[in-house]
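# Architecture at a glance
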Amino acid sequence: MWDSLEAISQDEMAALQAERLRDCVARVAANVPMYQGRLGAAGIMAEDVRSLDDLARLPFTVKQDLRDNYPYGLFAVPMDEVVRLHASSGTTGKMTVVGYTANDISMWADLAARALSIAGVDRRDVIHVAYGYGLFTGGLGLHYGGERLGATVVPVSAGNTRRQVELAQDFGATVLCCTPSYSLLIAEQATEAGVDLSRLRVGVFGAEPWSEEMRSEIETRLGILALDIYGLSEVMGPAVSMECPYKRGLHLAEDHFIPEVVDPTTGEPLTDGDIGELTLTCVTKEALPLLRYRTGDLTRLERGQCECGRTTARMSKPLGRTDDMLIIRGVNVFPSQIEAELLRIEGLEPHYELHLTRGESQMDELAVRVEASEELIEDEDVYAIVGRTLSATLQSALGLGCRVDVVAPRELPRSEGKAVRIVDNRRI
Ligand code: DLL
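Okay, so let's go over this structure. As the structure is a computational prediction, the values presented were derived from the model and not from experiment.

### Some points on the overall build of the protein
When its secondary structure is counted, the protein shows ten helices and 21 strands. Taken against the 2.2 N^0.38 rule, which gives 22 Å for 428 residues, the C-alpha radius of gyration of the protein at 22 Å falls within 12% of a compact globule. Principal-axis analysis of the C-alpha atoms gives the protein an extent of 70 × 55 × 40 Å. Looking at the 428 residues of the protein, the share that counts as buried comes to 56%.

### What about the site of the ligand?
Around the ligand sit 21 residues in total, of which Asp-228, Ile-229, Ser-233, Asp-297 and Lys-418 are the nearest. In this structure, Ala-207 approaches the ligand through a main-chain N or O atom, which is 3.1 Å from a nitrogen atom. With respect to the ligand, the backbone of Ile-229 contributes an N or O atom lying 2.7 Å from a nitrogen atom. For the ligand, whose accessible area on its own is 610 Å², the fraction buried by protein is 94%. Of all the secondary structure elements, the ones that give two or more residues to the shell around the ligand are helix 5 (137–149) and strand 7 (225–232). Class assignment of the residues belonging to the shell around the ligand gives a composition of nine nonpolar, six polar and six charged.

### What to know about the packing of helix 9 (residues 335–342) against helix 10 (residues 380–398)
Contact pair helix 9 / helix 10: the axes reach a minimum separation of 10 Å and the direction vectors enclose 125 degrees. Comparing the axis directions of helix 9 and helix 10 gives the class oblique. In this structure, helix 9 crosses over helix 10, and the sense of that crossing is right-handed. Along its contact with helix 9, which presents Gln-337, Ile-338, Glu-341 and Leu-342, the element helix 10 presents Leu-390, Thr-393, Leu-394, Ala-397 and Leu-398. Taken together, the residues of the contact of helix 9 with helix 10 break down into six nonpolar, two polar and one charged.

### A short note on unusual backbone geometry
Look at the link from Tyr-70 to Pro-71: it is a cis peptide, with omega at -5 degrees. Counting through the fold element by element, Pro-71 comes out in the loop between helix 3 (63–68) and strand 1 (82–88). A positive phi angle, close to 50 degrees, is found at Asn-160, a residue other than glycine. Structurally, Asn-160 is set in the loop between strand 4 (152–154) and helix 6 (161–170). Looking at Asn-160, the relative accessible area reads 49%, which means it is partly exposed.

### A short note on the side chain of Thr-174
Tracing the backbone through its elements, the reader meets Thr-174 in the loop between helix 6 and strand 5 (175–178). Of note is the side chain of Thr-174, whose polar atom sits 2.7 Å from the side chain of Asp-125. Ignoring any residue separated from it by four or fewer positions in sequence, one finds Thr-174 in contact with Asp-125, Val-126, Arg-199, Leu-200, Arg-201 and Val-202.

Thresholds applied
Residues numbered from 1 in each chain as written. Predicted model: local features only at pLDDT ≥ 70, side-chain atom pairs only at ≥ 80, totals over all residues. Heavy atoms only, no water. Helix = DSSP H or I, 4+ residues; strand = E, 2+ residues; numbered from the N terminus. Rg over C-alpha atoms; globule rule 2.2 N^0.38 Å. Buried < 20%, exposed > 50% of the residue type's maximum accessible area, 1.4 Å probe, protein only. Near = heavy atom within 4 Å. Polar contact = N/O pair within 3.5 Å; in protein donor to acceptor, adjacent residues only side chain to side chain. Areas by Shrake-Rupley, 256 points an atom, 1.4 Å probe, with all protein chains shown as cover. Nonpolar A, V, L, I, M, F, W, Y, C, P; charged D, E, K, R; others polar. Axes fitted to C-alpha atoms, helices over the stretch in contact; angles between N-to-C directions. Parallel < 35°, antiparallel > 145°, perpendicular 65-115°, else oblique. Left-handed = near helix turned anticlockwise from the far one by under 90°. Contact = heavy atoms within 4.5 Å.

Here's what the structure looks like:
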């Protein structure tokens, strides 16, 4: 195990978290005007934080708070201590900017090394990092983690896929880090170029939701173990949680990020096992410590020792973001649920788009565009039959009536980073 803290008892972890939380509340109360105001209004002082139960009394932080304090208003240290900035645009709106001190960068490298070691990666591995490098945290996050682990890191970044599959072959890459959707493009290009990627054994895939069915596709196509990594720039970047080879949920680095799951509408804390919005409190970060940050991601928490020996809390594979939930004529559905259904049907590929339109009746309509596989006879009638099968499956499995268009192989755009699944053509 990378860190002995990954296997301490729940009580020891709770005591450590409470101590770090108290310290964090003191720091933000002293250095961040927004928290000063909110804690003051709630009448909470650092000394009042005695146990983890006091977490629920603390104010929430939401993405809008970062936007309102753009760019540096929530930083808890002077700018001369900030050594790195990252930023994320999200799907809408203004950029959110995040900062790191030298200690933060070191802690992140340590957690990314921990995540890689949870995936079974070690210093003998050659890690092909095909997450984007730049303001996005994926590339540099895994990069520093791989180096901290002592492995060989190839900072190939995203893009120029044909060249990168050749590099992966020539350099003998054993670990692939990228978005799950990009791994499919890498697999496709490797096959086309006749490149041998058989030394690859593990994939560390995240930054977007992906279903179990997508995992099976990737594992079959690349002949690897595909594991899920989660994180968000506001809180740090990748390695907030990581799945181990037993695939029983993602192990949270809860010694640094205290997790809660709350009701997305009321903010009421939920019990372990219930699906709700993941909320994280960054207790050790220096530049940008956040109290009860509402991630917008839906998951459930589970505790207890995992078969791998770790005792840290686990979160289930994120279902999606609260704001990516489609409400089609009253039916709530996430893109990952549609993905799971379509991958169960023979003849369809994991390349799809969801088109939202508003018809003449002013009703929301959903159309699924999905690619046929090469094996399927390229014929309109055949495509129509497969389309009707998927449409009937979605109706019975999810209660979702929609149109399905099966399109020819390679007709849909491929993604090098996060896939764009939802195309909103609605006119309001
Ligand atoms: O996506 C950080 C990251 C990079 C994670 C590389 C994993 C690997 P942001 O661009 O700020 O940061 O986007 C964060 O992406 O709130 C989730 O909605 C989504 N997300 C991240 N990882 C997963 C995952 C990075 N494993 C947002 N499953 C988060 C589902 C994920 N969604």
